[in-house]
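Fold and geometry: a report
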Amino acid sequence: ALAGDVDAGKAADFTTSALSAYQIKPKTEAEAVAAAKKYQDIVARGANISRLGVEDFASGFKFSAPMAAKLGVSMEQLAAMIATMGQSGLRGDEA
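To keep things clear, this report deals only with the structure shown in the data block. Being a predicted model, the structure only gives us computed values, none of them experimental.

What follows is about the pattern of salt bridges. Across all of its chains, the model carries four salt bridges by this definition. One salt bridge in this structure joins E55 and K10, with 2.6 Å as the shortest N-O distance. Of this pair, E55 sits in helix α3 (residues 54–70) while K10 sits in helix α1 (residues 8–21), placing them 45 residues apart in sequence. For E55, a relative accessible area of 32% translates into the label partly exposed. The shortest N-O distance in the salt bridge between K37 and D41 comes to 2.7 Å. Remark: D41 and K37 occur in helix α2 (residues 29–49); sequence separation between them is four residues, near one turn of the helix.

Given below as structure tokens:
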């Protein structure tokens, strides 16, 4: 989902950062693919409903995911928060 809108290196960085923040440690390749797809789908949906581009949205996720995960905020809840802030004019890395 990120690959079409973000270069492959950044997409991989955003994805691994988020999965690491949420302590998602896939044991198999299939689990890794499923976890990455889930994250990327959440970011793509969030970017689509906000005024943010995918890269800005993923950047906001990267910077806020570690604290959100520690506070028990799900990836979906964090995406909703970033989308809401994006609708208010904040870029992802400002959110």
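Take the nonpolar core next. Core analysis: the biggest nonpolar cluster contains 25 residues, and Y22, Y39, V43, F57, F61 and L78 have the highest contact counts within it. For this core, the elements supplying multiple residues, two or more each, are α1, α2, α3 and α4 (75–87). The element contributing the most residues to this core is α3, with six residues. Excluding anything up to four places from it in sequence, L78 contacts Y22, F61, S64, A65, A68 and V73.

All right, on to α2 then. In this model, α2 (21 residues) spans 30 Å end to end at C-alpha, consistent with the 30 Å of a helix rising 1.5 Å per residue. Of all the positions in α2, only A35, A36, Y39, Q40, I42, V43, A44, G46 and A47 are classed as buried.

With a phi close to 50 degrees, Q23 is a non-glycine residue in the positive phi region. Counting through the fold element by element, Q23 comes out in the loop between α1 and α2. Note on Q23: relative accessible area 61%, which makes it exposed.

Rules behind the numbers
- Residues numbered from 1 in each chain as written.
- Predicted model: local features only at pLDDT ≥ 70, side-chain atom pairs only at ≥ 80, totals over all residues.
- Heavy atoms only, no water.
- Salt bridge = Lys/Arg side-chain N within 4 Å of Asp/Glu carboxyl O.
- Helix = DSSP H or I, 4+ residues; strand = E, 2+ residues; numbered from the N terminus.
- Buried < 20%, exposed > 50% of the residue type's maximum accessible area, 1.4 Å probe, protein only.
- Core = buried A, V, L, I, M, F, W, Y, C linked by side-chain atoms within 4.5 Å.
- Contact = heavy atoms within 4.5 Å.
- Expected span 1.5 Å × (residues − 1).

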